[in-house]
Amino acid sequence: MVQSRAVMRRPSFGIGAWREYRWSANRCGRWLLLALLAAGIGLAAQPSVPRPEHPRPDLMRAEWLSLNGAWEFEFDDQNRGLAERWFRRDEPFSKRITVPYAFQTKLSGINERAFHDVVWYRRAIDVPRAWRGKRVLLNFGAVDYIATIWINGEQAATHRGGHTPFSADITDWLKGSGNVVTVRVEDPSTDRTIPRGKQYWHEQSESIFYTRTTGIWQTVWIEAADRTHIATLRMTPDIDRAQLTVQATATDGAQSGLRLRVTLTLRDQTTAQSESTCGSRGCTTVLTLDRQELWSPEHPTLYDATVELLSGTEVRDRVTSYVGLRKVGVHAGRVYLNNAPYFLRMVLDQGYWPESLLTPPSDAAIQFDIKMTKAFGFNGARKHQKVEDPRWLYWADKLGLLVWGEMANAYYYTPEYVSRFVSEWQEALARDYNHPSIITWVPINESWGVPGVLTLAEQQEHIKSLYRLTRSLDATRLVIDNDGWEHTDSTDLTTIHDYASSGAELSAKYEHLNDESRGIPRNGKEALAFGYRYNGTPFVLTEFGGIAFRLGAKQTENEWGYSGIEPTQEAFLERLEGLVNAIRGNPAWAGFCYTQLTDVEQEINGLMTFDRTPKADPDVLKKIIAK
């Protein structure tokens, strides 16, 4: 494998937190120090290339090279670059940026929060000699929002969508040496028809909205492959039949005689293998396991998968992946995992970090967040208004955490919005289909992008069509039409957001939730869009709490939380326990999602501060959450 080298430096937690070590030893005690060591954070070497790990553990080729690190960079506020052909200019750009961190972040080396809607990147690339005769694929994990790529001055790719990956075969534009990649990115800062999630359209963040991300914000890498190689891969478990169906498409699918071979191993022992001939519609093979081990948060068993494309006796392409065998469904008002009722204890996770915003600063930081989520007593996370980094999903698969995958929403409904949203949502579904941790898809949150959905037929049909589209592309998971309120009859869960200030208030409000004759209580919004009736699906309280508690001195002038800021830790814990008790005491609820895992900028309603200091002993929180 071609990899980036690392040099040994001072131990780094990956979240800018050597002070966290001192805090854990002096204030919090043994539990946090053990958590850090368990995550490998305290012992991690500071890499010479940021985020050097393979960005897609679910789709790995042996020969790859990270392009993270130093790139030339330029703001193009006058939008002159295209006319002046910056993609072919000789003089260097005036700035340097560290990829994959956006220019708004500290780790980028620029840390500029003002509007810059057009930016340019450039760097030289060297293709290893061992790759000669192979195709060279250039991959971008995510670039926000419209990206155009040139290789040695020739346009090689374009992509629209700020949260999903894209690739280009750049072989035909490469020279023997001295190759240059140039990237132009356009990200309209104030356009609210673009799927943007929590990225604010004003320069300074406020309320529930945070600093923007512009440009490259996930790993860039190149890899070597045969001209005929695997283009897509879908693995679908069926635990009732103890089978796994693997579907793949090849870049040269019309070539006759191609075969797909899949080998599963568990703890280094081969457990199943299957081989099938590819057809005009792709390649499909089915594996049957004599003895299957299921995936769950309590037992996150993952099988290693080797997927090979063969022509005669020649292996044309080989990728390594993994699979978790699990099933999710609903029955009699409950969510079922692996054919047994399963109560959801989730936390809202915004996926922001102080040094790097949407980009996880390190692999260790990802592990830390997931391990702390479980230490607090949660069995799942709702990734909020963000298509999360694939490495985060990998660690959720590996460590055992249920995930609700959510799209970043726009705010205004227009035909252009529909085109943008539907296209990018399909790309997100395709990218993340194979992750066993994901059990629910959430295309829309709180009517964002469809503000008139309560009464307007076209917006109601839009969220219903998103439900049906999602189910047509993935029938193995639950789908929510519009999380929080204003549901139609097209949803697998009836989800409610309610920031009641006390357990008593929450308990009284939903005491008769199972009584259809009384209807579903309002929470400032109608639970159902006009013209629709409750469809009998399980109730989940997917946002509640949001209890603000300041740990230490005031950090920002505009800090806030729901229902005020608690003055003491005792008051914070008492209110939290009252709310959780109100939910657990009502059998109508099939689960909950607490707001939220961490503070983010001015929003101080996290169980941890923005720099990941827990606001209470995790064991105390776990006794409340997991009772």
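Here, the structure is the one placed above.
Here is a short report on the structure shown in this document. (Residues numbered from 1 in each chain as written. Predicted model: local features only at pLDDT ≥ 70, side-chain atom pairs only at ≥ 80, totals over all residues. Heavy atoms only, no water.)

1. Digging into the overall build of the protein
Here comes step 1: Within the protein one finds nine helices and 32 strands.
Here comes step 2: What you see for the protein is a C-alpha radius of gyration of 24 Å, in line with the 25 Å of a compact globule of 627 residues.
Here comes step 3: Once the C-alpha set of the protein is aligned to its principal axes, its extents read approximately 70 × 55 × 55 Å.
Here comes step 4: At a minimum sequence separation of 6, the contacts of the protein that also span at least 24 residues come to 71%.
Here comes step 5: Positive and negative side-chain charges of the protein, numbering 72 and 77 respectively, have mean locations separated by a distance of 4 Å. (Helix = DSSP H or I, 4+ residues; strand = E, 2+ residues; numbered from the N terminus. Rg over C-alpha atoms; globule rule 2.2 N^0.38 Å. Contact = heavy atoms within 4.5 Å. Lys, Arg positive; Asp, Glu negative; His and termini not counted. Charge placed at Lys NZ, Arg CZ, Asp CG, Glu CD.)

2. What about the sheet that holds strand 19 (residues 314-323)?
Here comes step 1: If you walk across this open sheet you meet the four strands as 16-15-18-19, and the pairing is antiparallel. Each having just a single partner strand, strand 16 (269-277) and strand 19 make up the two edges of the open sheet. For this sheet, the mean inter-axis angle between neighbouring strands, taken without regard to orientation, is 15 degrees.
Here comes step 2: When strand 18 (residues 303-311) meets strand 19, the two strands line up antiparallel, connected through nine bridges. Residue pairing in the sheet places S311 in a bridge with E314 of strand 19. (Pairing = 2+ DSSP bridges. Axes fitted to C-alpha atoms, helices over the stretch in contact; angles between N-to-C directions.)

3. As for helix 3 (residues 363-375)
Here comes step 1: Compared with an ideal rise of 1.5 Å per residue, which puts 13 residues at 18 Å, helix 3 spans 18 Å between its outermost C-alpha atoms and is within 8% of the ideal.
Here comes step 2: Helix 3 sits mainly inside the fold: 10 of its 13 residues count as buried.
Here comes step 3: Looking at helix 3, one finds that the buried residues are D363, A364, A365, I366, Q367, F368, D369, I370, M372 and T373. (Expected span 1.5 Å × (residues − 1). Buried < 20%, exposed > 50% of the residue type's maximum accessible area, 1.4 Å probe, protein only.)

4. A short note on the state of the cysteines
Here comes step 1: One pass over the structure, following the stated rule, counts one disulfide.
Here comes step 2: Bridging C278 to C283, the disulfide has an S-S length of 2.1 Å. Handedness of the C278-C283 disulfide follows from its S-S torsion of about 105 degrees: it is right-handed.
Here comes step 3: Assessed through its relative accessible area of 16%, C278 is described here as buried.
Here comes step 4: Judged by relative accessible area, which is 4%, C283 ranks as buried. (Disulfide = S-S within 2.5 Å.)

5. Thoughts on the packing of aromatic side chains
Think of a pair of aromatic rings as described by two things: how far the centres are apart, and how the planes are tilted against each other in angle.
Here comes step 1: Enumeration according to the criterion identifies 31 aromatic pairs in this entry.
Here comes step 2: Here the aromatic rings of W71 and Y121 are separated by 6.2 Å at their centres, their planes lie at 90 degrees, and the arrangement is edge-to-face. Taken together, the positions of W71 in strand 2 (residues 69-75) and Y121 in strand 4 (residues 118-125) put the pair 50 residues apart, joining distant regions of the chain.
Here comes step 3: Ring geometry for Y534 and F539: centres 4.8 Å apart, planes at 15 degrees, overall stacked.
Here comes step 4: The structure contains a cluster of three or more aromatic residues connected by ring pairs, namely W71, F73, F75, F103 and Y121.
Here comes step 5: One Lys or Arg, R477, reaches over the ring of Y433 and ends 5.7 Å from the middle of that ring.
Here comes step 6: One Lys or Arg, R584, reaches over the ring of F343 and ends 4.1 Å from the middle of that ring. (Phe/Tyr/Trp six-rings, centres within 6.5 Å; stacked < 30°, edge-to-face > 60°. Lys NZ or Arg CZ within 6 Å of the ring centre and 35° of its normal.)

6. Regarding unusual backbone geometry
Here comes step 1: Here the amide bond leading from D144 into Y145 is cis, since omega sits at 25 degrees, within 30 degrees of zero.
Here comes step 2: With respect to the helices and strands, Y145 occurs in the loop between strand 6 (143-144) and strand 7 (146-151).
Here comes step 3: Omega for the peptide link from T595 to Q596 comes to 10 degrees, which places this bond in the cis form.
Here comes step 4: Looking at the element boundaries, Q596 is found in the loop between strand 32 (589-595) and helix 9 (618-625).
Here comes step 5: The residue A332 is not glycine, and still its phi comes out positive at about 50 degrees.
Here comes step 6: Here A332 lies in the loop between strand 20 (328-331) and strand 21 (334-337).
Here comes step 7: Exposure remark for A332: the relative accessible area of 70% places this residue in the exposed category.

Read these as layout, nothing more, since geometry by itself doesn't imply function.
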